[in-house]
Amino acid sequence: MAEVKENLHMEKIVSLCKRRGFIFQSSEIYGGINGFWDYGPLGAELKRNVKELWWRAMTRAREDVAGLEATIIMAPAIWKASGHVDTFSDPMCDCKKCKKRHRADQLCEDQGLALTKGDNGQFAFPAGTKCTHCGSTELTEPRPFNLMFKTYVGPIESEDHVAYLRPETAQAIFAQFKNVLETSRQKIPFGIAQIGKAFRNEVTPRNYTFRSREFEQMELEFFIKPDEAIEAIHGSVATVPVSGHPGEPQPNWGWQAWHQYWVEERVRFYEGLGLARATLSFHVQTADELAHYARATTDILFKFPFSKRDEKGELKGEELEGIAARSDFDLSQHQRFSGKPMSVFDEELRNAWPRLPQARQDALWQRYYAHRQRYLTRMGVAEDAAARQATEDANALAKGNYIPHVIEPSAGVDRLILALLTNAYTETVKTDDKGRSETLYVMQFHPRVAPIKVAVLPLLKNKPELVARARAVFELLRHDLACFYDEGGSIGKRYARQDEAGTPYCVTIDFDTLGENPELHDTVTLRYRDDGRQERLKISGLRQWLLEHVR
RNA sequence: GCGGGCGUAGUUCAAUGGUAGAACGGCAGCCUUCCAAGCUGCACACGAGGGUUCGAUUCCCUUCGCCCGCUCCA
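What this report covers is the structure whose coordinates are included nearby. (Residues numbered from 1 in each chain as written. Chains lettered and ligands numbered in written order. Predicted model: local features only at pLDDT ≥ 70, side-chain atom pairs only at ≥ 80, totals over all residues. Heavy atoms only, no water.)

## Some thoughts on the overall build of chain A
Here is the rule we go by: Think of it this way: any DSSP run of H or I at least four residues long counts as a helix, any run of E at least two long counts as a strand, and we number them from the N terminus. Throughout this description, buried means an accessible area under 20% of the type-specific maximum (1.4 Å probe, protein chains only), exposed means over 50%, and partly exposed covers the range between. In what follows, a contact means two residues having at least one pair of non-hydrogen atoms within 4.5 Å. The Shrake-Rupley method, run with a 1.4 Å probe sphere, supplies the accessible areas, and residue values consider only the shown protein chains as cover.
A tally of regular secondary structure across chain A gives 18 helices and 25 strands. Counting only C-alpha atoms, chain A reaches 90 × 70 × 55 Å along its principal axes. Here chain A holds 551 residues, and 48% of them are scored as buried. Here the analysis covers contacts within chain A between residues at least 6 apart in sequence; of these, 63% occur between residues at least 24 apart. In the structure as shown, chain A presents an accessible area of about 26,900 Å², 48% of it carried by carbon and sulfur atoms.

Printed below as a string of structure tokens:
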């Protein structure tokens, strides 16, 4: 279970998932729809378990995170503020000769030209634009390529009524930041967590459910004080260990410590779901890759069989989660676009500031000013207006006000499910005495995520006493555990069925349960999925034992 | 969106210009004292649409879907 699935073909997983009811193609009876997938009975349980574990770890187990469940369709202005309306609609074109596809704006730039946009919103190439691949001038018209799903709110289908299905859950958190802050009795640093569907009209959905057009995210926006505020209050920002978990959160943590903290917290979460470190890898985004507002982004990758390989031939992995340090960009954008203040008042800062030596005050003021000014001018605010606003912001800081910065651990649920399925999949070829061989499939899920926790089986079906006792045991367990009763076929076949479903424990009611051997009266066989090991447990302690082992 | 390959029971495969077989799986019954035993029976498929043809699952076209490569992935 711990090893990396190097040479596993995805088709095998796809076929098992279909066969056992983990994942089906959406709308299959109508021929399917590209990029959309349904979870069958086992998949639905698996996914529920994963979301439940995330929610528990991120909110209930912590005092500093509050939950949120926002709508999928929101005011379109949110997507203007976030930048999605602009960046999600890159104009694309194809070369008619060599069939190469380009981003029209980049193609022009590469040749020192500029794409033009008419009043009607239509893009056009300047004369002489060539394909950078083959040199042909036969290019298709630049077409906007919007990755957001569009719909209309209300009965009138006009541009005035356009709305989008959210392409990420994060923006809803930013938009409700003030409401949550005021109602949750939290103060900075604290986070808002949300699980929910998001939609992206991907150009090419690929790799089974990995890149779907409808998918689910588990996102935390964790709001922290700007480093300038930390320095004012605590004298300096805590230094971060070179690697590893920085330990329990401290008041003097700056964004780097918080970023590292969340990376490590998230890795621990994945390990707790059964994804060993060896199956994970990291990608620290380089300066070139980083979005302009991001200070750092660390991706946690899982080594899927379809992942690309590095120079050494090792699987590089595909992204499960990105942990981004997004500065105060998002809230600043919403403040500018909505006109509503997104700043918070920090009493500690207000009290600390006047006690700082003047030189220190000036230095922090200057740094904060520079940061704000850089942001504003990058966003196209005119130089003098930006200077004025940045001055205001820096003056506000001195009075204890700032826009919080954000650390964002953002995970894809469906990708994680696919990782868990891949990770759990094992096959072994078994040859019997007659030389016949068959392949046995075992889904070795961590008991925590397993869709069915325990199967209850009477050893034989045609002995009413066994069946009755088995039904009673099933009844005893089913209210607290995802439980499955099966009496069809032979006991071996039933074990094998549960192995494919990934059920970690099977409980068998046999003649000893009934008292054939008095010492074993009221005990059952407990059979382990991964090694077939068996032991006997008292029925009286069974429920408790199982609850402890699936936690 | 481009290029290539592919679509036959739930799964894995077979055959065929005269409407399809198997294995495993599923369901029911019998049997079975711990790892896919056996016996009997049952159900289930040519992705969709159009064309050619007396007749199409088979040939052609379109479409949808899947896989690979390109492109895209803020």
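## Here's the deal with the packing of helix α1 (residues 10–20) against helix α16 (residues 491–501)
Using the following cut-off: For helices, the fitted line uses only the C-alpha atoms of the stretch in contact; every axis is such a line through C-alpha atoms, and the angle between N-to-C directions lies from 0 to 180 degrees. Roughly parallel covers angles under 35 degrees, roughly antiparallel covers those over 145, roughly perpendicular covers 65 to 115, and oblique covers all other angles. The handedness criterion is simple: a crossing whose near helix is rotated anticlockwise from the far helix by less than a right angle is left-handed, and one whose near helix is rotated clockwise is right-handed. Residue type decides the class: Asp, Glu, Lys and Arg count as charged, Ala, Val, Leu, Ile, Met, Phe, Trp, Tyr, Cys and Pro as nonpolar, and the leftover types, Gly among them, as polar.
Interaxial distance between α1 and α16 falls to 10 Å at its minimum, and their mutual angle equals 120°. Viewed along their axes, α1 and α16 adopt a mutual orientation that is oblique. As α1 runs across α16, the sense of the crossing is left-handed. Residues Leu 16, Arg 19 and Arg 20 of α1 form the contact with α16, whose own contacting residues are Arg 497, Glu 500 and Ala 501. Its residues assigned to classes, the contact of α1 with α16 shows two nonpolar, no polar and four charged.

## Thoughts on helix α10 (residues 329–338)
For α10, a buried count of seven out of 10 residues is recorded, marking the element as mostly surrounded by other parts of the structure. Against the buried residues of α10 lie α3 (77–81), α6 (170–175), α7 (177–184), β12 (214–224), β15 (318–327) and α12 (358–378). Gly 339 sits one or two residues past α10 and shows a positive phi near 75°.

## Focus: the pattern of salt bridges
Short version of the rule: Basic side-chain nitrogens of Lys or Arg form a salt bridge, by our definition, when they fall within 4 Å of a carboxyl oxygen of Asp or Glu.
One pass over the full model with this rule turns up 34 salt bridges. In this structure, Lys 47 engages Asp 414 in a salt bridge whose closest nitrogen and oxygen atoms are separated by 3.1 Å. Of this pair, Lys 47 sits in helix α2 (residues 41–60) while Asp 414 sits in helix α14 (residues 413–424), placing them 367 residues apart in sequence. A single burial state applies to Lys 47 and to Asp 414, both of which are buried.

## Some details on the side chain of Lys 225
Quick note on the threshold: Think of a polar contact as two N or O atoms within 3.5 Å of one another; within protein, one of them needs to be a possible hydrogen donor and the other a possible acceptor, and neighboring residues in sequence only count if both atoms come from side chains.
Structurally, Lys 225 can be placed in the loop between β12 and α8 (227–234). Separated by 3.1 Å, the side chains of Lys 225 and Asp 346 make a polar contact. A polar contact of 3.0 Å, which involves the side chain of Lys 225, links it to the side chain of Glu 348.

## Observations regarding the packing of aromatic side chains
Applicable threshold: Stacked, tilted and edge-to-face are the three classes assigned to paired rings of Phe, Tyr and Trp, where Trp is represented by its six-membered ring and a pair needs centres within 6.5 Å; plane angles under 30 degrees give stacked, over 60 edge-to-face, the rest tilted. Two limits define a charge over a ring: the Lys NZ or Arg CZ must be within 6 Å of the ring centre, and within 35 degrees of the ring normal.
Throughout the structure, instances matching the rule amount to 26 aromatic pairs. A ring pair is formed by Phe 222 and Trp 262, whose centres lie 5.4 Å apart and whose planes are at 55°; its orientation type is tilted. Here Phe 222, found in strand β12, pairs with Trp 262, found in helix α9 (residues 255–272); they are 40 residues apart in sequence, far enough to count as distant. For Phe 222, a relative accessible area of 0% translates into the label buried. Ring centres of Phe 302 and Phe 304 lie 4.8 Å apart, and the angle between their planes is 75°; this geometry places the pair in the edge-to-face category. Its relative accessible area of 0% is what places Phe 304 among the buried residues. Aromatic ring contacts, followed pair by pair, group Phe 222, Trp 253, Trp 258, Tyr 261 and Trp 262 into a single cluster. Geometry around Tyr 270 places Arg 266 over its ring, the cationic atom sitting 5.3 Å from the centre.

## Describing α12
Cut-off, in case you're wondering: In this analysis, the expected span of each helix is defined as 1.5 Å times one less than the number of residues it contains. Throughout, the arc means the angular range of directions from the helix axis out to the C-beta atoms.
Taking 1.5 Å per residue, 21 residues should reach 30 Å; α12 reaches 30 Å between its end C-alpha atoms and fits that length. All of the buried residues in α12 are Gln 361, Leu 364, Tyr 368, Tyr 369, His 371, Arg 372, Tyr 375 and Leu 376. All buried residues of α12 project into a common sector of 165° when viewed along the axis, lining one side. Those residues of α12 that are exposed and aimed more than 90 degrees away from the buried face are Ala 359 and Arg 378. For α12, the elements touching its buried residues are α8, β15, α10, α13 (383–398), β17 (401–402) and β18 (405–412). Two residues or fewer past α12, Gly 380 is found with a positive phi of approximately 90°.

## With respect to the protein's contact with RNA strand B
The condition that has to hold: Residues are classed as near a molecule or strand on a simple rule: at least one heavy atom within 4 Å of it.
Inspection of the region around RNA strand B gives 48 residues, with His 84, Arg 200, Arg 211, Lys 430 and Ser 490 positioned closest. Put simply, 50% of the atoms of RNA strand B that lie within 4 Å of the protein are in sugar or phosphate. Contact between RNA strand B and Arg 497: a phosphate oxygen at 2.4 Å from a side-chain N or O atom of the residue. Within the side chain of Gln 534, one N or O atom sits 2.7 Å away from a base oxygen of RNA strand B. The set of elements that each furnish at least two residues to the surface near RNA strand B consists of α1, α4 (84–87), β4 (89–94), β5 (101–103), β20 (437–443), α16 and β24 (523–528). Among the elements that line the surface near RNA strand B, the one with the most residues is α16, at seven residues. Residue composition of the surface near RNA strand B, by class: 13 nonpolar, 15 polar and 20 charged.

## A closer look at the sheet that holds strand β25 (residues 534–538)
For the record, the criterion: By the convention used here, strands pair only if DSSP detects at least 2 bridges between them.
Spatial ordering of the open sheet is given by β22-β21-β23-β24-β25, a layout of five strands whose pairing is mixed. Each having just a single partner strand, β22 (483–485) and β25 make up the two edges of the open sheet. Taking the axes of each pair of neighbouring strands and ignoring which way they run, one obtains an average angle of 30° across the sheet. Strands in contact with α16 are β21 (454–458), β22, β23 (505–509), β24 and β25; relative to β21, the strand with the most contacts, it is inclined by about 170°. The sheet contacts of helix α18 (residues 539–549) involve β21, β23, β24 and β25, and relative to β25 the element is tilted by about 120°.

## Some details on the pairing of β18
Burial runs high along β18: eight of the eight residues are buried. Of the two faces of β18, both are covered, the one formed by His 405, Ile 407, Pro 409 and Ala 411 as well as the one formed by Val 406, Glu 408, Ser 410 and Gly 412. Pairing geometry for β12 and β18, over six bridges, is antiparallel. Paired with Glu 219 across the strands is Ser 410, a residue of β18. Where β15 meets β18, six bridges bridge the pair, whose relative direction is antiparallel. The residue bridging Ala 324 from the neighbouring strand is Glu 408, located in β18.

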